Amino acid sequence: MFRRRQKQSEEEKRAQFMRLYEPVHDAFERFCKARVYGDMNFQDLMHDTILIAFDKFEQLKDSKAFLHFLFGISRRVLSNANKKNKPENYGETLPVAFGEDVSSKNDAAQTLYKALSYLPEEQREAVILFEITGFSIKEIAGIQNAGESAVKQRLHRGRQRLLNLLIEDQNFEKREVI
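Residues numbered from 1 in each chain as written. Predicted model: local features only at pLDDT ≥ 70, side-chain atom pairs only at ≥ 80, totals over all residues. Heavy atoms only, no water.

Engineer: Mind showing me how you'd approach the pattern of salt bridges here?
Structural biologist: Think of it this way: side chains of opposite charge can pair up when their charged atoms draw near. According to the stated counting rule, one finds five salt bridges in the structure shown. As a salt-bridge pair, Glu-131 and Arg-159 come within 2.6 Å of each other at their nearest N and O atoms. You can see Glu-131 sitting in helix 5 (residues 121-133) and its partner Arg-159 sitting in helix 7 (residues 148-168), a full 28 residues away along the chain. Owing to a relative accessible area of 36%, Arg-159 belongs among the partly exposed residues under this scheme. (Salt bridge = Lys/Arg side-chain N within 4 Å of Asp/Glu carboxyl O. Helix = DSSP H or I, 4+ residues; strand = E, 2+ residues; numbered from the N terminus. Buried < 20%, exposed > 50% of the residue type's maximum accessible area, 1.4 Å probe, protein only.)

Take a look at the structure:
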């Protein structure tokens, strides 16, 4: 009797999880593709995040915050993966986006991804979420647990730093990532 109830509650949990996940799948996939830019395969990030989110699903207090719940978990998964797998010559390697081969990336994309790696974490994430993934400032503020003015400031400073790196610093390509 107990096993039947436990199995039924597990099925209910899975159904509830999928009801919340299906509408946000595309946005979550865009976030993962933009966020990894070479640190790991975006599909691995998505799978790892979904597994953890399902295990911790009971901790979700508001179903409206489900996408932000996934974003938070994926940031921690990626951060942990970076700590474990960061190569010693990280600055000399080109981040690979969307699971593509390094040789298929054009020079402009290579330079942009390298420049993004110079930005502080919060600025980099804000720029990626806004410019690449297409989230609004209000949505980014929710994801980053910050005010809209803070997000605007991060975007402004991030764009300015990218501009300085890409245009004004002629020796950018020779620099190492810090």
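Having seen it, we continue.
Engineer: How do you make sense of helix 5 when you look at a structure like this?
Structural biologist: Since the α-helix advances by 3.6 residues per turn, residues separated by three or four positions end up pointing in the same direction. Those residues of helix 5 not exposed but buried are Gln-123, Arg-124, Glu-125, Ala-126, Val-127, Ile-128, Leu-129 and Thr-133. Where helix 5 terminates, the next one or two residues include Gly-134, which has phi positive at roughly 90°.

Engineer: Which parts of the structure should I look at to understand the packing of aromatic side chains?
Structural biologist: In this description, a pair of aromatic rings is defined by centroid distance and the angle of the planes. By the definition in use, this model includes 10 aromatic pairs. Ring centres of Phe-17 and Phe-54 lie 5.5 Å apart, and the angle between their planes is 90°; on these two criteria the pair is classed as edge-to-face. Of this pair, Phe-17 sits in helix 1 (residues 2-36) while Phe-54 sits in helix 2 (residues 42-55); the two residues are 37 residues apart in sequence, bridging distant segments of the chain. Accessibility classification places Phe-17 together with Phe-54 in one group, the buried group. Note on Phe-28 and Phe-71: the rings are 6.5 Å apart at their centroids and 25° apart in plane angle, and the pair reads as stacked. In this pair, Phe-28 sits in helix 1 while Phe-71 sits in helix 3 (residues 66-85), placing the two residues 43 residues apart along the sequence. Classification of Phe-28 as buried rests on a relative accessible area of 0%. The class of Phe-71 is buried, set by a relative accessible area of 0%. (Phe/Tyr/Trp six-rings, centres within 6.5 Å; stacked < 30°, edge-to-face > 60°.)

Engineer: Is there a simple way to explain helix 2 in this structure?
Structural biologist: Compared with an ideal rise of 1.5 Å per residue, which puts 14 residues at 20 Å, helix 2 spans 20 Å between its outermost C-alpha atoms and is within 8% of the ideal. Buried residues of helix 2: Phe-42, Leu-45, Met-46, Thr-49, Ala-53 and Phe-54, and no others. Projected down its long axis, helix 2 carries its buried residues within an arc of 155°, all on one side. Along helix 2, the residues that are exposed and aim more than 90 degrees away from the buried face are Leu-51 and Asp-55. Backbone nitrogen of Gln-43 and a side-chain oxygen of the N-cap are separated by 2.7 Å at the start of helix 2; the cap is Asn-41. (Expected span 1.5 Å × (residues − 1). Arc of directions from axis to C-beta. Polar contact = N/O pair within 3.5 Å; in protein donor to acceptor, adjacent residues only side chain to side chain.)

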